[in-house]
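Examining the three-dimensional arrangement
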Amino acid sequence: MDPSLLERHIRDTPVKGSPAQMRAAFLQLAHWGNPPRLPPVTMIGDCPGRWFGSGDRPILWLHGGGYVFGGSDSHAAPAMALSQIAGRPVFVADYPLAPDHPWPAQPDAIDSILRVWPACDVVGDSAGGHLALVMAQRRPGAIRRLAVLSPNTDRSGRSTTRDRNTPHDLMNDAAQDRHLGDLAFGTWSDTDVQASPLLGILSGLPPLFMTAAMAEVLLDDTLLFATAAVRAGAAVTQDVLPGLFHMWHLWPDGVPQARQTLTAVARHLA
């Protein structure tokens with residue numbers, strides 16, 4: 001994949017407008033080229049989703065999209081790639097989306113999966129990374145190992161890269177991130193640990209892999225959380241990649257670093 005063509009595709013497919021318009025645009029953005037063949041939707045607990053790959057020891061993927069867009073359809077390519085690399089099936093959960101279903105509909109849905117799959121392995125990207133970290137704090141011991149890719153961890157104002165990296169991040173900016181957060185959390189305080197898991201209790205986290213890109217808006221969300229988690233005694237592996245942009249892992253067949261990231265995730269979960 002020519003990087004300039006991907007950049008043009010991202011710039012030509014803005015994720016804006018109403019929630020329905022953002023959902024359609026993000027799906028078009030993720031499915032650049034030939035859309036993948038999607039498996040049927042199934043239920044785990046009270047949450048629908050799709051299986052990618054087959055075998056034992058399933059991995060639960062919590063997708064990104066600001067809690068407003070995204071799903072098992074938009075994340076089909078990275079989920080299938082992770083399944084192939086890890087040799088394990090991946091279930092991408094279609095948790096309820098805001099603003100139709102405001103917080104805490106999302107953790108409530110994932111809670112039903114964790115009751116069915118005790119001590120499972122979890123991957124989360126962007127808002128899904130935030131959701132995974134909230135679940136790890138909400139249900140200590142329910143997650144065996146955890147990998148988060150560019151998670152939202154802090155809305156309390158500690159990050160310096162939300163504004164600083166806005167001109168450089170092709171896939172995210174501070175204003176859009178704030179808008180999506182407001183649609184999901186409404187009147188929840190930014191200092192509530194569910195909105196900002198950085199402020200929560202980090203000592204009971206499972207072994208954690210965190211990654212982010214140097215040029216992305218959410219870089220500090222990873223750096224601050226990783227530092228605080230290590231200080232709290234958690235086992236953390238951190239990988240910060242030069243350049244790139246938010247959600248680079250969506251294109252594992254065209255972005256070499258995407259497959260490298262998914263390989264590191266599979267290694268951590270092994």
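Just so it is clear, the structure is predicted and the values come from calculations on it, not from any experiment. (Residues numbered from 1 in each chain as written. Predicted model: local features only at pLDDT ≥ 70, side-chain atom pairs only at ≥ 80, totals over all residues. Heavy atoms only, no water.)

1. Side note on the packing of helix H4 (residues 105–116) against helix H5 (residues 127–138)
Look at H4 against H5: their axes get within 10 Å of each other, and the N-to-C directions meet at 60°. Helix-helix and strand crossings are classified by hand; for H4 and H5 the assignment is right-handed. Contacts between H4 and H5 involve Gln106, Pro107, Asp108, Ile110, Asp111 and Leu114 from the first element and Leu131, Met135 and Arg138 from the second. Grouping the amino acids of the contact of H4 with H5 by side-chain chemistry returns 5 nonpolar, 1 polar and 3 charged. (Axes fitted to C-alpha atoms, helices over the stretch in contact; angles between N-to-C directions. Helix = DSSP H or I, 4+ residues; strand = E, 2+ residues; numbered from the N terminus. Left-handed = near helix turned anticlockwise from the far one by under 90°. Contact = heavy atoms within 4.5 Å. Nonpolar A, V, L, I, M, F, W, Y, C, P; charged D, E, K, R; others polar.)

2. Overview of the sheet that holds strand E8 (residues 236–241)
An order of E1-E2-E4-E3-E5-E6-E7-E8 is seen for the 8 strands of this open sheet, with the pairing classed as mixed. In the strand order of this sheet, the two ends are held by strand E1 (41–44) and E8, each with one partner. Taking each pair of neighbouring strands and ignoring which way they run, the sheet shows an average axis angle of 25°. As paired elements, strand E3 (residues 59–62) and strand E4 (residues 90–93) share 4 bridges and run parallel to each other. Bridging from a neighbouring strand, Leu60 pairs with Phe91 of E4. Packing of helix H9 (residues 256–269) onto the sheet brings it into contact with E3, strand E5 (120–125), strand E6 (143–149), strand E7 (208–213) and E8, and relative to E6 it is tilted by some 165°. (Pairing = 2+ DSSP bridges.)

3. Observations concerning the packing of helix H3 (residues 76–86) against H9
The interhelical angle for the contact between H3 and H9, taken along N-to-C directions, is 50°, at an axis separation of 9 Å. Taken together, H3 and H9 sit at an angle that is classed as oblique. The two elements H3 and H9 meet at a crossing, and its hand is right-handed. In this structure, H3 uses Pro78, Ala81, Leu82, Ile85 and Ala86 to contact H9, whose residues at the interface are Arg259, Leu262, Thr263, Val265 and Ala266. When grouped by side-chain class, the residues that make up the contact of H3 with H9 number 8 nonpolar, 1 polar and 1 charged. (Parallel < 35°, antiparallel > 145°, perpendicular 65-115°, else oblique.)

4. As for unusual backbone geometry
At the junction of Ala98 and Pro99, the peptide bond is cis and its omega measures out at 0° in the coordinates. With respect to the secondary-structure elements, Pro99 resides in the loop between E4 and H4. Note the cis peptide between Trp103 and Pro104, where omega equals 15°. For Pro104, the location among the structural elements is in the loop between E4 and H4. Not every positive phi belongs to a glycine, and Ala119 is a case in point at roughly 55°. Take Ala119: it is sitting in the loop between H4 and E5. On the basis of relative accessible area, Ala119 is assigned to the partly exposed category, the value being 41%. (Buried < 20%, exposed > 50% of the residue type's maximum accessible area, 1.4 Å probe, protein only.)

5. Some details on the state of the cysteines
What the rule picks out here adds up to 0 disulfides. Just so you know, Cys47 is unpaired, no disulfide at all, and the nearest cysteine sulfur is the one on Cys120, 12 Å from it. For Cys120, a relative accessible area of 7% puts it in the buried group. (Disulfide = S-S within 2.5 Å.)

6. Description of the packing of aromatic side chains
Using the criterion set out here, one finds 9 aromatic pairs in the structure. With centroids separated by 6.1 Å and ring planes inclined at 80°, the aromatic side chains of Tyr67 and Phe185 adopt a geometry described as edge-to-face. Of the two residues, Tyr67 is situated in the loop between E3 and H3 and Phe185 in helix H7 (residues 174–185); the sequence distance between them amounts to 118 residues. Here Tyr67 matches Phe185 in class, with each residue buried. Centroid distance Phe91 to Trp117: 5.9 Å. Interplanar angle 85°. Geometry classified as edge-to-face. Here Phe91, found in strand E4, pairs with Trp117, found in the loop between H4 and E5; they are 26 residues apart in sequence, far enough to count as distant. Its relative accessible area of 0% is what places Phe91 among the buried residues. For Trp117, a relative accessible area of 13% translates into the label buried. Of the aromatic side chains, those joined through ring pairs into one cluster are Tyr67, Tyr95, Trp103 and Phe185. (Phe/Tyr/Trp six-rings, centres within 6.5 Å; stacked < 30°, edge-to-face > 60°.)

None of the figures reported here should be taken as evidence of function without further support.
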